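Overview (structure and organization)
Here is what each chain is made of, one letter per residue.
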Amino acid sequence: MIDIFFENVSMDKRSELKSIIKNTIQFVVKELKIKKNFYISVLVTNNLKIKEINYQYRKINKETNVLSFNQNEERILDNKNLFIVLGDIVISVEKIISESREQKKKFKEHLVHMIVHSFLHLSGYSHDSKKDSELMEKKEISILSKLSIPSPY
């Protein structure tokens, strides 16, 4: 189950963003062979809100493109079914737009990359060491290539 929430995002962009996010997450779930019921929440917002969240939870006082908050807990969510609550993703569309322009990338491709990146964090991947970074980047590149998106690295 995927819940998507919007805050400080134009109404005319919400439908397209929701579709990109859901389709990307569903694709990554298949690629990672997640068989159990899962739950993930996604907040799509702007630079100001993600900066507040980044400071509140990480004590970093700046905006970023995405944040991932891993939970990986089992819970009964719909009064009967057990779900793995993977966690929460926060996306600053404003930051992804500006990075796309700066890096000369297509917005949709950069957004998909950031969703894949965040989801991998929720699935246990990290870039805490060189070895971890290489493993995560390899997985990102593999997934993105199956979506016809070139390597961002």
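Quick note: structure is the one above.
Residues numbered from 1 in each chain as written. Predicted model: local features only at pLDDT ≥ 70, side-chain atom pairs only at ≥ 80, totals over all residues. Heavy atoms only, no water.

Next up on the list: the pattern of salt bridges. Oppositely charged side chains are able to pair whenever their charged atoms sit close together. A complete count under the given rule lists seven salt bridges for this structure. The salt bridge involving glutamate 52 is made with lysine 49; its shortest N-O contact spans 3.8 Å. Of this pair, glutamate 52 and lysine 49 both sit in helix H2 (residues 47–58), separated by three residues, roughly a single helical turn. We classify glutamate 52 as partly exposed; its relative accessible area is 42%. On the accessibility criterion, lysine 49 (21% relative accessible area) is partly exposed. Residues participating in the shared-partner salt-bridge network are Glu7, Lys49 and Glu52. (Salt bridge = Lys/Arg side-chain N within 4 Å of Asp/Glu carboxyl O. Helix = DSSP H or I, 4+ residues; strand = E, 2+ residues; numbered from the N terminus. Buried < 20%, exposed > 50% of the residue type's maximum accessible area, 1.4 Å probe, protein only.)

Here we have four strands laid out as an open sheet, ordered S1-S2-S4-S3, and mixed in their pairing. The strands lining the two open edges of the sheet, one partner per strand, are strand S1 (2–6) and strand S3 (66–76). Here the strands of the sheet are splayed against their neighbours by 15 degrees on average, with no regard to which way each runs. In terms of strand pairing, S1 meets strand S2 (residues 38–45) through five bridges, oriented parallel. Opposite aspartate 3, over in S2, you have serine 41 as the bridge partner. Sheet contacts for H2: S2, S3 and strand S4 (82–92); angle to S3, the most-contacted strand, approximately 65 degrees. Across the sheet, helix H4 (residues 107–122) is in contact with S2, S3 and S4; its angle to S4 comes to roughly 140 degrees. (Pairing = 2+ DSSP bridges. Axes fitted to C-alpha atoms, helices over the stretch in contact; angles between N-to-C directions. Contact = heavy atoms within 4.5 Å.)

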